[in-house]
Amino acid sequence: MPILNLKYRPHGRTLWALSWVVLALLFGCALTPWTPTSGPISAPHYTIDIPQDWLRLEGQPHLMLTKDGPFLQYVLIQARPLTRPFRYTGRKVAAHMLPSDAAQVILDEIGLDPTVNALEVLENHPALIDGREGFKLMYAYQNSDGLTLRTVYYGCIHQKHLFTLRYTAAQRYYFQKDRTDFNQMRASFKLQ
Amino acid sequence: MITGLCLLVLMLPNPGVCGAAQSFIPETQEEQRLWQLSTDAVGALERSNRLYQDPRLQAYLNRLIDNLRQSSPVPSMPFRVRVLLDHQLDGYAYPNGVCFIHTGLLARLQHEAQLALLLAHEMVHVFNRHALIAYRHTLAGRQTDAAGNAPHVIPSAFRQTDGSRVAWMAYRDQAELEADREGLNLIVAAGYDPAAAIGLFDLLKTEFESGIAQHTEYGHARSLMPRRIKACHTLLETLPTEARLSGVEPGPFNTILRPLRLANIRLDLKVGRLESALHSAQRLHLHDPHDPILCYLLGEIYRRQATPDSLSKAKAFYREAIDRDADYADPYRALGLVHYRAGEKDVAKVLFQTCLALAPQAPENTYIRHYLSQCRF
């Protein structure tokens, strides 16, 4: 199984990061952007425990992890400032929003992402993230090459950020393979 | 290049709509190629999830096109129209006679004659092969190779499948004015009121000036608008009095467009264009102040603005929607959310219970049940 299958294409939000990864891999060991990671990670606004065998993308403001290559599966943890508008809708999540409204902003954004085809929302319900009220989405979609991917997307608003924990993987085989690891990560996630 | 195109369009002989009857099939290899590109682009758009589907509206548009086509020199021309869910004010026709109109533009029209002029305008672009002229011009403008041969590469503008790119060159100055002029003649021949029709341009001008219509490509359209309005008024003066007074009835226009207008308000809400959504909803509300869906949408717009004043307005509109249709679950849910967020959980509780009872299968119910659980002390 190749580490990077260039035929596959993730959806917009991570495209820049993944492009950077591809470029970096082309340059080989000189940049080595992926480094093995496990155990606790402390970021400016949160802490999280990473299970064994994951690789972390270095040099990014967000935490991106993969095992078999980001085109097959990745975990993305972000603390997104509430002032930052989303790319396609131009909307922002506001501090006063209820979880259902914040989830709708995310779904509207995904729905307008031109790289997301045949979007099917499988779950949309409340969820607790480190004891705070948030939302959980699960959706399936096809990327531009027709590959079906599935995403679990948790989010909650805390202070001046929207915290999101996302796990995306090829629906066949990969999604189930590492879902337990993602659930462990989510359970260990602590806001600061 | 744009200036060159305008000059070329001016210089080329133009048979015009009022001229002798024309055939309408691709006449050359390059036109066949252009049609093939158009077919591909149209297919991509028709397969996309952007297509707005309303059989009643489609039947209405088809009747309108048939009416215009009978008055045109090419009654057999395969002109058809599709509606795209897009908030931008845009409409365009491909060289093969397939026309796309955005919901954003259709939603703002106020009279059937304006819609007829819009369609007639696009028909003239197709009849007069404006895109082919632009295509030839683009090819001619490209550098020849070392042997002096013209390039065989299709210009990028003609390879795009994104809406207006294929035909954009036809939308420039002289081509636009020509399409306005001949389109106006066409709708007069079809029995429409031209004075009501040219309100289309005043409407577009107002939208451009209000700043609600914001699009990178509107700059040129906006600058050309005064010339188009002036040219249409001049032409109107030359029409015989009976033509200026013989307008057909608006017919079912507003009734048929109502679902589209509501869909476009929802689309504006989705992409965060609250000002545009409010503008459209208020205009509809003037004519139909008791429509519960419209009251609910106005409530949603004000709730999203999230100021103390707007939240009061949101509550009033949700109440109005409930008063008008007591079985309508959405305003109960939305009103419950406003009260829940304000900490008025006793009020929210009743509203949430009602909306769950009215719409037990609504996708938002997982959240509502959760909020309801927080309302139990």
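Sequence positions are assigned chain by chain, starting from 1 and proceeding in written order. Labels are handed out in written order, letters beginning with A for the chains and numbers beginning with 1 for the ligands. Under the rules for a predicted model, residues below a pLDDT of 70 receive no local features and side-chain atom pairs below 80 are neither given nor counted, while totals for whole chains, interfaces and linings still include all residues. Water and hydrogen atoms were dropped before computing side-chain values, which therefore reflect all heavy atoms in the structure.

*Asks:* Could you give an account of the overall build of chain B, naming the residues involved and the relevant values?
*Replies:* Under the scheme used here, helices are H or I runs from DSSP no shorter than 4 residues and strands are E runs no shorter than 2 residues, and both carry numbers assigned from the N terminus. Within chain B, the secondary structure is distributed over 18 helices and three strands. With 377 residues in all, chain B has 54% of them scored as buried. We call two residues contacting when some pair of their heavy atoms lies within 4.5 Å. When contacts within chain B are restricted to residue pairs at least 6 apart in sequence, those whose partners lie at least 24 apart make up 68%. Surface accessibility in these figures is a Shrake-Rupley result with a 1.4 Å probe; residues are shielded only by whichever protein chains are displayed. Counting only carbon and sulfur atoms, one obtains 53% of the accessible surface of chain B, whose full area is about 16,900 Å². Remark: exposure states derive from per-residue accessible area (1.4 Å probe, protein chains only) relative to the maximum for the residue type, with buried under 20%, exposed over 50%, and partly exposed in between.

*Asks:* Any details on the overall build of chain A? Residues and values, ideally.
*Replies:* A count of helices and strands for chain A gives four helices and nine strands. Traced from its N-terminal end to its C-terminal end, chain A shows the element sequence α-β-β-β-β-α-β-β-β-β-α-α-β. Across the 192 residues of chain A, 53% fall into the buried class. In chain A, once contacts between residues fewer than 6 apart in sequence are set aside, the share between residues at least 24 apart is 53%. Roughly 8,700 Å² of accessible area belongs to chain A as shown, and the carbon and sulfur atoms make up 54% of that amount.

*Asks:* Give me the lowdown on the interface of chain B and chain A, citing residues and values where you can.
*Replies:* Taken together, the 16 residues of chain B in the interface contact 17 residues of chain A. Accessible area that two parts lose when put together, evaluated with a 1.4 Å probe and summed over both, is termed the buried area. Between chain B and chain A, a total of about 1,400 Å² is buried, with carbon and sulfur atoms accounting for 56% of that surface. Interface area lost by chain B to chain A is led by Lys270, Arg341 and Tyr367 of chain B, which between them contribute 41%. Throughout this description, the term salt bridge denotes a Lys or Arg side-chain nitrogen within 4 Å of a carboxyl oxygen of Asp or Glu. Summed over the shared surface of chain B and chain A, the number is one salt bridge. We define a polar contact as two N or O atoms separated by no more than 3.5 Å, with the added condition that, inside protein, one atom must be a possible hydrogen donor and the other a possible acceptor, whereas residues neighbouring each other in sequence contribute only through side-chain atom pairs. At the boundary of chain B and chain A, one finds eight residue pairs in polar contact (both at pLDDT 80 or more). Of all the elements, helix H18 (residues 365-375) of chain B adds the most residues to the side of chain B that touches chain A, at five residues.

*Asks:* Quick rundown of the side chain of glutamine 73 of chain A? Include the residues and the values.
*Replies:* Residues and elements named next belong to chain A. You can see glutamine 73 is positioned in strand S4 (residues 73-81). The class for glutamine 73 is buried, based on a relative accessible area of 0%. A distance of 3.2 Å separates the side chain of glutamine 73 from the backbone nitrogen of lysine 67, its partner in a polar contact. Residues in contact with glutamine 73, not counting those within four places in the same chain, are Trp54, Leu65, Thr66, Lys67, Asp68, Tyr167, Thr168, Ala169, Tyr174, Lys177 and Asp178.

*Asks:* A description of the pattern of salt bridges should follow, citing residues and the corresponding values.
*Replies:* The full count for this structure, using the stated rule, is 23 salt bridges over all chains. With a shortest N-O distance of 2.9 Å, aspartate 268 of chain B and arginine 273 of chain B are connected by a salt bridge. Considered together, aspartate 268 of chain B and arginine 273 of chain B belong to a single accessibility category, that of buried residues. A cluster of three or more residues bridged by salt bridges with shared partners is formed by Lys67, Asp68, Lys177, Asp178 and Asp181 of chain A.

*Asks:* If you had to explain the packing of helix H13 (residues 274-287) of chain B against helix H14 (residues 292-305) of chain B to someone new, which residues and values would you point to?
*Replies:* Residue and element names in this part refer to chain B. Their axes nearest at 10 Å, the elements H13 and H14 cross at an angle of 150°. In this view, H13 runs roughly antiparallel relative to H14, as classed from their interaxial angle. As for how H13 packs across H14, the hand of that crossing is left-handed. Contacts between H13 and H14 involve Leu274, Ala277, Leu278, Ala281, Gln282, Leu284 and His285 from the first element and Leu294, Cys295, Leu298, Ile301, Tyr302, Arg304 and Gln305 from the second. The classification used treats Ala, Val, Leu, Ile, Met, Phe, Trp, Tyr, Cys and Pro as nonpolar, Asp, Glu, Lys and Arg as charged, and all other residues, Gly among them, as polar. Its residues placed into classes, the contact of H13 with H14 shows ten nonpolar, three polar and one charged. Fitting a line to C-alpha atoms yields each axis, with helices limited to the stretch in contact; the angle taken between N-to-C directions then spans 0 to 180 degrees. Any angle between 65 and 115 degrees counts as roughly perpendicular, while under 35 counts as roughly parallel, over 145 as roughly antiparallel, and the rest as oblique. Note on convention: the crossing is left-handed when the near helix lies turned anticlockwise from the far helix by less than a right angle, right-handed when the turn is clockwise.

*Asks:* If you had to explain the nonpolar core to someone new, which residues and values would you point to?
*Replies:* The definition of a nonpolar core used throughout is a set of buried Ala, Val, Leu, Ile, Met, Phe, Trp, Tyr and Cys residues joined through side-chain atoms within 4.5 Å. Counting residues in hydrophobic clusters, the biggest one holds 91 residues, and the most contacted among them are Ile48, Val93, Phe135 and Phe189 of chain A together with Phe352 of chain B. Those residues in contact with valine 93 of chain A that sit more than four places away from it in its chain are Leu82, Phe86, Ala102, Val105, Ile157 and Leu162 of chain A. Residues Leu61, Leu105, Ile187 and Cys232 of chain B belong to the second largest nonpolar core, which totals 56 residues.

*Asks:* Give a detailed account of the packing of aromatic side chains, specifying residues and quantitative values.
*Replies:* The geometry of an aromatic ring pair is captured by two quantities: the separation of the ring centres and the angle between the planes. In summary, the pairing rule links any two rings of Phe, Tyr or Trp, Trp by its six-membered ring, whose centres are within 6.5 Å, and it sorts them by plane angle into stacked for under 30 degrees, edge-to-face for over 60 and tilted for everything else. Inspection of every chain in the model, using the stated rule, returns 19 aromatic pairs over all chains. The interplanar angle of 35° and the centroid separation of 6.2 Å between the aromatic rings of tyrosine 92 of chain B and phenylalanine 100 of chain B together place this pair among those described as tilted. Each member of the pair tyrosine 92 of chain B and phenylalanine 100 of chain B is classed as buried. Three or more aromatic residues link up through ring pairs in this structure, and these residues are Tyr154, Tyr167, Phe175 and Phe182 of chain A. To sit over a ring, a charge needs its Lys NZ or Arg CZ within 6 Å of the ring centre and within 35 degrees of the ring normal. In this arrangement the basic side chain of arginine 80 of chain A is found over the ring face of phenylalanine 86 of chain A, its NZ or CZ atom lying 3.9 Å from the centre. Positioned above the aromatic ring of phenylalanine 175 of chain A is the side chain of arginine 150 of chain A, whose terminal nitrogen or guanidinium carbon lies 5.5 Å from the ring centre.

*Asks:* Break down the sheet that holds strand S3 (residues 98-102) of chain B for me, with residues and values.
*Replies:* Residue and element names in this part refer to chain B. Being paired, for any two strands, means DSSP has found at least two bridges between them. The strand order across the open sheet formed by three strands is S1-S3-S2, and the pairing between neighbours is mixed. Each end of this open sheet is capped by a strand with a single partner; those strands are strand S1 (80-84) and strand S2 (91-93). Along the sheet, successive strands turn relative to each other by an average axial angle of 20°, direction set aside.

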